[in-house]
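Each chain, letter by letter, is given below.
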Amino acid sequence: MGKYVITGGSRLSGEVPISGAKNAVLPVLAALPLLKEASICNVPFLSDVANTIEILENIGVKITTEGSVIRSETGIVRPVIDNSLSCKMRSSVLFLGSLLSACGEAEISYPGGCALGARPVDMHIWAMKMLGAKINTDDNVIRCEAKRLKGANLHLPIQSVGVTENIILASAMAEGTTIIDNAAREPEICNLCDFLNMCGADITGHGTKRIKIKGVSELHPCSVAIIPDRIEAATYMIMAAATGGELFIKNVNTDHMRVICAMLRKTGCIIKEYNKTIYIEAPQRIYSIPYISTAPYPYFPTDVQPQIMALMSTAQGQSVIKENIFSGRYKHGDELNKMGADITIKDNRTFITTGVRSLVGANVNAWDLRGGAALIIAGLCAEGITVVNNKEYVERGYESPVSKIRNIGGKIRAL
Ligand code: EPU
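Given the structure is predicted, the values throughout are model-derived calculations rather than measurements.

Criteria and thresholds
Residues numbered from 1 in each chain as written. Predicted model: local features only at pLDDT ≥ 70, side-chain atom pairs only at ≥ 80, totals over all residues. Heavy atoms only, no water. Helix = DSSP H or I, 4+ residues; strand = E, 2+ residues; numbered from the N terminus. Buried < 20%, exposed > 50% of the residue type's maximum accessible area, 1.4 Å probe, protein only. Contact = heavy atoms within 4.5 Å. Areas by Shrake-Rupley, 256 points an atom, 1.4 Å probe, with all protein chains shown as cover. Pairing = 2+ DSSP bridges. Axes fitted to C-alpha atoms, helices over the stretch in contact; angles between N-to-C directions. Disulfide = S-S within 2.5 Å. Near = heavy atom within 4 Å. Polar contact = N/O pair within 3.5 Å; in protein donor to acceptor, adjacent residues only side chain to side chain. Nonpolar A, V, L, I, M, F, W, Y, C, P; charged D, E, K, R; others polar. Domains from an automatic or database assignment. Parallel < 35°, antiparallel > 145°, perpendicular 65-115°, else oblique. Left-handed = near helix turned anticlockwise from the far one by under 90°.

**Q** What am I meant to see in the overall build of the protein here?
**A** From N to C terminus, the protein includes 14 helices and 24 strands. Taken along its principal axes, the extent of the C-alpha atoms in the protein is 65 × 45 × 40 Å. Across the 415 residues in the protein, those meeting the buried criterion constitute 59%. For the protein, the proportion of contacts with a sequence separation of at least 24, taken over those separated by at least 6, is 72%. As displayed, the protein has an accessible area near 15900 Å², and 49% of this comes from carbon and sulfur atoms.

**Q** Is there a simple way to think about the sheet that holds strand β21 (residues 350–354) in this case?
**A** Where strands meet in a sheet, backbone hydrogen bonds hold them as pairs that are either parallel or antiparallel. Across the sheet, four strands lie side by side as β18-β19-β21-β20; this open sheet has mixed pairing. On the outer flanks of this sheet lie β18 (291–293) and β20 (342–346), each paired with one strand and no other. Within this sheet the neighbouring strands show an average axis-to-axis angle of 15°, counted without direction. Bridge analysis of β18 against strand β19 (residues 318–322) gives three bridges, and the strand direction is parallel. Within β19, the position partnered with Tyr 291 by the bridge is Val 320. The strands touched by helix α10 (residues 305–312) within the sheet are β18, β19, β20 and β21, with β19 carrying the most contacts at an inclination of about 170°.

**Q** What is the right way to look at the state of the cysteines in this model?
**A** For the coordinates displayed, the defined rule picks out zero disulfides. As a non-bridged cysteine, Cys 269 has Cys 261 as the owner of its nearest cysteine sulfur, 10 Å distant. The class of Cys 269 is buried, set by a relative accessible area of 5%.

**Q** I would appreciate a short explanation of the site of the ligand in the present structure.
**A** Around the ligand, the surrounding shell holds 23 residues, and the nearest of these are Asp 122, Ser 160, Asp 303, Ile 325 and Arg 370. Take Asp 122: an N or O atom from its side chain is 2.7 Å from a nitrogen atom of the ligand. Within the contact set of the ligand, an oxygen atom lies 3.2 Å away from a side-chain nitrogen or oxygen of Arg 329. Relative to its unbound accessible area of 830 Å², the ligand is 89% covered by the protein chains. Of all the secondary-structure elements, those providing two or more residues to the shell around the ligand are α1 (22–30), α5 (122–130), α6 (161–171) and α12 (369–381). Its residues assigned to classes, the shell around the ligand shows eleven nonpolar, five polar and seven charged. Among the domains, domain 1 (3–19 + 228–414) and domain 2 (22–225) are the pair contributing at least three residues each to the shell around the ligand.

**Q** Explain the packing of α5 against α6 here, please?
**A** Think of two packed helices as two axes; the pair is described by the angle between the axes and how far apart they sit. It is the contact of α5 with α6, at a shortest axis distance of 9 Å, that shows an interaxial angle of 25°. Classified by the angle between their axes, α5 and α6 sit roughly parallel to one another. Here α5 runs over α6; the crossing is right-handed. Facing Met 123, His 124, Ala 127 and Met 128 of α5, the residues of α6 in contact are Gly 162, Val 163, Asn 166, Ile 167 and Ala 170.

**Q** Would you take a moment to explain the sheet that holds strand β8 (residues 134–136) for this structure?
**A** Taken together, the four strands give an open sheet; going across it, the order is β6-β7-β9-β8, and neighbouring strands pair in mixed fashion. The open sheet has two edge strands with one neighbour each: β6 (80–81) and β8. Of the strand pairs in this sheet, β8 and strand β9 (residues 141–145) are connected by three bridges, and their pairing is antiparallel. Bridge assignment links Lys 134 to a residue of β9, and that residue is Glu 145. Sheet strands touched by helix α4 (residues 95–103): β6, β7 (105–109) and β9. Its angle to β7, the strand with the most contacts, is close to 155°.

Here it is as structure tokens:
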């Protein structure tokens, strides 16, 4: 595993161009087996994207890449994803819906992904069953079969992003109508639905808790642009806030950034929103936010919880952060403490952070993607040198982090 070496203390300033969203491109790529041809632009260059392309090529989808554009051609699909590929990424489970719909069968080894605590796939399996699939889960492999899936009414017990996407992928060409109640409302789901609708699907209600999918008999070739990555944008905004910096965050969808802007304004940052650009100017030392709690969109995202914790660790005052989505998204707290932070972790879900004047450089470990981003933020504002091990986690979801950070004055290198 590689590492980042960061020399802290530089005030960041300049412009950061935001890439296409990881969590939008992955479900769009999972839709490709449903389409003879497609083209996707604004694709970020990430290891999760490279792994998904490997899955696609392995099942028989021909992919060509030119810069940030991916083109696909689908021939005969082999609906099997082996353990060597599915273990690399949680989102490999999204192929369940598209492969079942495209081939009438699917076989996927249980998916891997960042270790964020228990991440069961029970709701994915339940949803496919509800749409008429026969399922067998022996030997750590999910085997599904259905000649043609049938629309159904599904009420999700938890607002799950992946399950909402899987149902959409499975039912776009199913017989009859599917209703998802208590659907997740993330903009990445809307990106998928807009794409499928441009291909001839009939999906309405995305962006609300009730999505209606009328099955169509075929989808036609089309192209789509991936939306900007709101989590990457939030990460750079927090970097500016943590270093007393000043940044223009370019190519963003400001509507998707409302909760982050509101949160960072509370810390004393000045934030201005322009068309596709956000300007952030941070005071020398920010104020703490007394209580932050994660929840599905449009509320404060779990994918920014580690980064905001890094920020709160040098704020003036105390902050209680509550993680409500994942039971195991807490390890960055211990790593931040190695840098001199004062964070008490209760029941792995509640973090009491008392701001210290300054963090100090240390040798720390990234245990997952966003935890790694939090440690980079901490390293940039700490005194001295920080080594963040396991940089590969960060590369799963951030495009060119080293050059983007260096361009705004951060002292970071990858080893
Ligand atoms: N859950 C179940 N059973 C299931 C599926 C989910 O209990 O069958 C639970 C999860 O364990 C979790 C909750 O439902 O407690 C919500 O998880 P969700 O299904 O929404 O997560 P996901 O689809 O696996 C996506 C993102 C994550 C992001 C979450 C929440 C992608 C590829 N991944 O995961 O992104 O944290 O939604 O917003 O879209 C990241 O980018 O760092 C990341 C982890």
